[in-house]
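# Breakdown of the fold
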Amino acid sequence: MQQKTAEKALIKTGGGLSVALIFPNDYSSAIANLGFNAVYAMLSRSGFACERFVYDKNLQLRSIEHNRPLSDFNIWAFSISFESDVLNVLSIFQKSHISASSHERNGNPFVIVGGAMTFFNPNSLWAIADVIFHGEIEGCPEFFEKIYSFWTQGIRGEKLLEKLSEMSCLSIPILGVRSVKLSKLKNIGNSLAESFFLSPEGAFGKRYLVEIERGCTRGCRFCVAGYVYRPARYMELEEVKSRISIGLKYTQNVGLVAATVSDYPYLYELLEWIKGKAKSLSVSSLRLDSITPHLIDTLVTLGDREITLAPEAGTQRIRDLINKKISDRDIDQAIQYIKKFGLKRVKMYFIYGLPGEKREDLDGIIDIVKNVRANGIFPYVSLNPFIPKPWTPFEDFKMLEVSDLKQRQHYLSSAFGKMHVRAKFESVRLARIQWIISTATPELSKELVSVNKPFEALKSVEKLWNPNRSWSYINVMNKSFLTFQNEMAFKFRTYPDCQIGECEVCGVCEKIKNQGGIRSGKKADIGC
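We now turn to the structure provided with this report. (Residues numbered from 1 in each chain as written. Predicted model: local features only at pLDDT ≥ 70, side-chain atom pairs only at ≥ 80, totals over all residues. Heavy atoms only, no water.)

### Some points on the overall build of the chain
To keep it simple, the criterion reads: We count a stretch as a helix when DSSP gives it H or I for four or more residues in a row; a strand needs E for two or more, and each element gets its number in order from the N terminus. The globule rule used for comparison is 2.2 Å times the number of residues to the exponent 0.38, while the radius of gyration itself is calculated over C-alpha atoms. Type-normalised accessible area, obtained with a 1.4 Å probe on protein chains alone, sets the label of each residue: buried when under 20%, exposed when over 50%, and partly exposed for intermediate values. A contact between two residues is defined here by any heavy atoms of the two lying within 4.5 Å. Note on areas: Shrake-Rupley, 1.4 Å probe, and residue coverage restricted to the protein chains presented here.
When its secondary structure is counted, the chain shows 19 helices and 19 strands. Taking 528 residues into account, the globule formula puts the C-alpha radius of gyration at 24 Å, and the chain, at 23 Å, falls close to it. Dimensions along the principal axes, computed over C-alpha positions, put the chain at roughly 65 × 55 × 50 Å. Out of the 528 residues belonging to the chain, those deemed buried represent 58%. Contacts in the chain between residues at least 24 apart in sequence constitute 74% of all its contacts with a sequence separation of at least 6. A total of about 21500 Å² of accessible surface is found on the chain, and carbon and sulfur atoms cover 47% of it.

Here it is, written out as structure tokens:
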């Protein structure tokens, strides 16, 4: 962890109490992670002198800003996005020669855990954290303000935890499990999810990124983000323009971030405005059924040379199972549009090992890729084994065994090899470890902090692992809604998007049946 001299900061940190903000993954990922950027901005606004740390197993634990050792800091704030990051968190404690167990540390350092994992299940970090913040940091700005105030008043230990326990979006592990509510930002115009740091070493290069939409209306049944980030919220067009205008002062490269960029209601107006202002534009993802010739033409004009598509499954049967409401015709039409405008590369994402999957479903994946190749387009295919996640309709599904998944992987890999198609497969073994971490219990966390080799400990429980909904203390939505969606899935029936169909009564917004969902004008019951 060393200073990055090529980095450009678009924000200044505060000058008060020092805090270590830690992203337990590499620097390139940290720069591109808008959640990490948002927490830095919130800490700075709250008066903290924030210094960032990233994880690199070959480097010392020193801050990016001033090369200070992590041991200098009394407050450690972790932003955790991925299950594999949990192992890096444990490694950071080992490298620091500080106990990962909150009981043994006794608040020195004081450890705060936040990030994407806290929305659905942070139990793997239960024995590590002094405080777990659940949800979006912008929805509860008083969290860091209170910590700053209490800390500077000399309030520490149990007294500090007792005062913080009054907040409904926090778990205080030492005080036991209690029902908590996700903090969410009502007005995305107040979002902090944009690039506050630019660097050529970032995952997308020196590119200004801005989140134009949070949440998703689609309800794909495998996708935890589509459930825990509800309701979908869109940034007003003029606000997006204002932010991009500031970013363009520092770079000519812009990126639009959303669960599905093509669902942004002002997308075409925004793209027309960007023309002539940015040198290049990238988008995080596009819905196959939202692709039009105009959209592709505009993206090509703005320098995008590679489109990312996610059919997810190879047959209509499995797409109906996961509520991925796209057809074979949508896929064929998207390919023709891409071909028409001269694009030669396309990234494609698929999932295998889904419930009820048959050989014909794997053949469907092969056929889609074969069709892309036959149209003179080079597909880069990413294939991931299905990992059941908490707070989805498949949360109780037991992940397929390693042997079964490897057979499916070999079948697909062999077919792609014959087509000379580049295919990237996520490690089956690591995917199974991700499943354990994502469905972890507090008891598993206690075991992980007590051993020298946490990865080996996870491997030892892998074959017998059986999730038990230990994450149900997080008040995400009505469990009855997930049960209903599970029943619909195994009838191979799709369900309308919440923005265009009748209200789903999932429990995120006010429980008003058949009133038009999130576009009814009813206020969502969100916030800390």
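### Quick word on the packing of aromatic side chains
Aromatic rings considered in pairs are described by the distance between their centres and by the relative angle of their planes. The criterion, for reference: When the centres of two rings from Phe, Tyr and Trp lie within 6.5 Å, Trp using its six-membered ring, the rings pair. Their planes under 30 degrees apart give stacked, over 60 give edge-to-face, and anything left gives tilted. Whether a charge lies above a ring is judged from NZ of Lys or CZ of Arg, which has to be within 6 Å of the ring centre and within 35 degrees of the ring normal.
Taken as a whole and judged by the stated rule, the model has 20 aromatic pairs. Ring centres 5.7 Å apart and planes at 70 degrees place the aromatic pair Trp126 and Tyr473 in the edge-to-face group. One end of the pair, Trp126, is in the loop between α5 (117-120) and β6 (131-133); the other, Tyr473, is in the loop between α18 (454-462) and β19 (474-475), and 347 residues separate them in sequence. A single burial state applies to Trp126 and to Tyr473, both of which are buried. The aromatic ring of Tyr227 is capped on one face by Arg230, whose charged end is 4.7 Å from the ring centroid. One cation-aromatic arrangement involves Lys479 over Trp391; the distance from NZ or CZ to the ring centre is 3.9 Å.

### Here's the deal with the sheet that holds strand β3 (residues 49-54)
Formally: A strand pair is defined by DSSP finding two or more bridges across the two strands. The convention used is that axes are lines fitted to C-alpha atoms, helices contributing only their stretch in contact, and that angles between N-to-C directions extend from 0 to 180 degrees.
Read across the sheet, six strands follow the order β3-β2-β4-β5-β6-β7 without closing on themselves; strand pairing throughout is mixed. What marks the edges here is a single partner per strand, and that holds for β3 and β7 (170-171). In this structure, strand β2 (residues 18-23) lies alongside strand β4 (residues 75-79), joined through three bridges in parallel fashion. What sits directly across from Leu21, in β4, is Ala77. Most of the contacts of helix α3 (residues 85-96) go to β4, to which it runs at about 150 degrees, and overall it touches β2, β4 and β5 (110-114).

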